[in-house]
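Per-entry structural report
Residues per chain are reported as follows:
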Amino acid sequence: MRMLITFQNKIVPVYFTTENKQPTQKVLRLLNNTLELKIQKGKSALQKCLNSLISIEIKGSEAILHSYSENDSLALSLY
């Protein structure tokens with residue numbers, strides 16, 4: 001399943017796997033809260049990834065953050 005979120009004034013697609021047991025709205029709320037916290041207080045590598053974010057893939061309780069440079073892509077725990 002695919003949804004769109006707004007992060008840092010740009011639209012980012014979020015892809016879900018069908019194995020996710022949490023309600024979609026709860027996962028999106030957790031994702032938004034986590035991203036906002038990390039952009040403010042995260043390490044520089046994470047902030048670099050968030051600044052060039054192109055898509056997010058949710059697998060279970062992890063969010064795979066895809067950026068323009070494959071080297072900057074990261075996995076982030078939502079829980």
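Residues numbered from 1 in each chain as written. Predicted model: local features only at pLDDT ≥ 70, side-chain atom pairs only at ≥ 80, totals over all residues. Heavy atoms only, no water.

1. Quick look at the nonpolar core
Here is a general trend for soluble globular proteins: nonpolar side chains tend to be buried in one another's company. Counting 20 residues, the largest nonpolar core has Leu31, Leu35, Ile56, Ile58 and Leu65 as its most contacted members. Among the elements of the structure, strand E1 (2-7), strand E2 (10-16), helix H1 (24-41), helix H2 (44-51), strand E3 (53-59) and strand E4 (62-67) are those that each provide at least two residues to this core. Beyond its immediate chain neighbours, meaning those up to four positions away, Leu31 contacts Ile5, Val14, Ile56, Ile58, Ala63 and Leu78. (Core = buried A, V, L, I, M, F, W, Y, C linked by side-chain atoms within 4.5 Å. Buried < 20%, exposed > 50% of the residue type's maximum accessible area, 1.4 Å probe, protein only. Helix = DSSP H or I, 4+ residues; strand = E, 2+ residues; numbered from the N terminus. Contact = heavy atoms within 4.5 Å.)

2. Describing the pairing of E3
In regular strands, side chains alternate between the two faces of the sheet. Of the pairings in the sheet, the one linking E2 to E3 comprises 3 bridges and is parallel in character. For Tyr15, the partnering residue across the bridge sits in E3 and is Glu57. In this sheet, E4 lies alongside E3 in antiparallel orientation, the contact comprising 6 bridges. When the sheet's bridge partners are listed, Ile58 is paired in E4 with Ala63. Following E3, the chain reverses through 2 residues before pairing antiparallel with E4; Gly60 in that reversal takes a positive phi of roughly 65°. (Pairing = 2+ DSSP bridges.)

3. Focus: the pattern of salt bridges
Per the counting criterion, the structure on display carries 1 salt bridge. Here Lys59 ties to Glu57 by a salt bridge, and the two come within 3.5 Å at their closest N and O atoms. The exposure class assigned to Glu57 is partly exposed, which follows from its relative accessible area of 24%. (Salt bridge = Lys/Arg side-chain N within 4 Å of Asp/Glu carboxyl O.)

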